[in-house]
There are 2 protein chains.
Amino acid sequence: MNSKDVLAETRYSPDKMQKTNLFETKNFFCDVYGLEPGQEQKVHSHSDNDKIYFVVEGSGEFLVGEEICDLGPNQIVLAPAGESHGVRNTGGVRLTLLVFMTPNPNRR
Amino acid sequence: MNSKDVLAETRYSPDKMQKTNLFETKNFFCDVYGLEPGQEQKVHSHSDNDKIYFVVEGSGEFLVGEEICDLGPNQIVLAPAGESHGVRNTGGVRLTLLVFMTPNPNRR
């Protein structure tokens, strides 16, 4: 079966945020991001793709569009297609994020 | 900002599994399912839509295609388009599932 343990799959590096792919189809991809304290995914946008961030562990500062908010475990945020978005681990522990993007920009 | 607390959004009922929508666009929907012990989502399939189940809290027995497995917190499973799938709360506590489906079958 296509099942995975998200925390066991997560990678971290002192150099930068690490992305690990869990699943992908033509419709979407699902990654897990591991961010050490202070690491970030810089603000960027995708014109045609919606993204979801779900906080598995840790906490961070999320930017979507013009807004910034702090999110912790079991909180979730939507960055709709075209909206700029990014995240920084502002906490003292590792930040683990489940990330969905649809449609899958790698399968065009 | 489009952020939500998944556990605060989850509803449960003694009658049956409850679905609460968190986000949707033309590309996907994201729901949270609340299942009391013994409740289930019966086996079904979607010919064109991929579904992800992510266990937020609790545990359950998942069927995808011909396979059955038990999953607990922070485990995730893909039911690709066309594969039959379902879930039953076989534990003694509430089961909370984050669910993604793409493309969004409600926006055709």
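Residues numbered from 1 in each chain as written. Chains lettered and ligands numbered in written order. Predicted model: local features only at pLDDT ≥ 70, side-chain atom pairs only at ≥ 80, totals over all residues. Heavy atoms only, no water.

Observations concerning the relation of the copies chain B and chain A
Superposing chain B onto chain A takes a rotation of 180 degrees plus a shift of 0.0 Å along the axis, which leaves an RMSD of 0.0 Å. Viewed as a symmetry operation, the transformation between the two copies matches a two-fold axis. Taken as a fraction of all interface residues of chain B, those also at the interface in chain A reach 100%, which identifies the copy contact as same-surface. (Least-squares fit on C-alpha atoms with pLDDT ≥ 70 in both. Contact = heavy atoms within 4.5 Å.)

A word on the state of the cysteines
Taken as a whole, this structure holds zero disulfides over all chains when the rule is applied. This cysteine, Cys-30 of chain A, is not joined by any disulfide, and Cys-30 of chain B carries the nearest cysteine sulfur, 11 Å off. With a relative accessible area of 0%, Cys-30 of chain A lands in the buried category. (Disulfide = S-S within 2.5 Å. Buried < 20%, exposed > 50% of the residue type's maximum accessible area, 1.4 Å probe, protein only.)

Description of unusual backbone geometry
Residues and elements named next belong to chain A. For the bond running from Thr-102 to Pro-103, omega is -10 degrees, close enough to zero to count as cis. By secondary structure assignment, the location of Pro-103 is in the segment after β10 (95-102). Although it is not a glycine, Asn-74 sits at a positive phi angle of roughly 70 degrees. (Helix = DSSP H or I, 4+ residues; strand = E, 2+ residues; numbered from the N terminus.)

Remarks on the nonpolar core
In this structure, Ile-76 and Leu-98 of chain A together with Ile-76 and Leu-98 of chain B are the most contacted members of the largest nonpolar core, which totals 26 residues. Apart from the residues within four sequence positions on either side, Leu-98 of chain B is in contact with Phe-54 and Ile-76 of chain A together with Val-6, Leu-22, Cys-30, Asp-31, Ile-52, Tyr-53, Phe-54 and Val-56 of chain B. (Core = buried A, V, L, I, M, F, W, Y, C linked by side-chain atoms within 4.5 Å.)

Focus on the pairing of strand β3 (residues 29-35) of chain A
All names here are of chain A. Within β3, seven of the seven residues are buried, which leaves it mostly tucked inside the rest of the structure. Burial along β3 is two-sided: Phe-29, Asp-31, Tyr-33 and Leu-35 and Cys-30, Val-32 and Gly-34, pointing in opposite directions, are all buried. Pairing of strand β2 (residues 18-24) with β3, which is carried by six bridges, proceeds in the antiparallel orientation. The residue bridging Thr-20 from the neighbouring strand is Val-32, located in β3. If you look at the hairpin formed by β2 and β3, you'll find four residues sitting between the two strands. Pairing of β3 with β10 involves seven bridges; the strand directions are antiparallel. Bridging across to β10, Gly-34 finds its partner in Thr-96. (Pairing = 2+ DSSP bridges.)

Points about the interface of chain B and chain A
Taken residue by residue, the interface counts 35 residues in chain B and 35 residues in chain A. At the boundary of chain B with chain A, total buried surface from both sides reaches about 2900 Å², with 68% on carbon and sulfur atoms. Our enumeration of links across chain B and chain A arrives at zero salt bridges. For the pair chain B and chain A, the number of links is 11 residue pairs in polar contact (both at pLDDT 80 or more). Within the residue set of the side of chain B that touches chain A, elements represented by two or more residues are β1 (3-5), α1 (6-9), β2 (18-24), β5 (50-57), β6 (60-64), β7 (67-71), β8 (75-79) and β10 (95-102) of chain B. The sheet contact formed by strand β1 (residues 3-5) of chain A and β8 of chain B spans three bridges and is antiparallel. If you follow Asp-5 of chain A over to β8 of chain B, its bridge partner there is Gln-75 of chain B. (Buried area = accessible area lost by both parts, 1.4 Å probe. Salt bridge = Lys/Arg side-chain N within 4 Å of Asp/Glu carboxyl O. Polar contact = N/O pair within 3.5 Å; in protein donor to acceptor, adjacent residues only side chain to side chain.)

Focus: the sheet that holds β10 of chain B
Strand order in the open sheet formed by six strands is β1(A)-β8(B)-β5(B)-β10(B)-β3(B)-β2(B), and the pairing between neighbours is antiparallel. The open sheet has two edge strands with one neighbour each: β1 of chain A together with β2 of chain B. Within the sheet, the average angular offset between the axes of one strand and its neighbour, ignoring direction, is 20 degrees. (Axes fitted to C-alpha atoms, helices over the stretch in contact; angles between N-to-C directions.)

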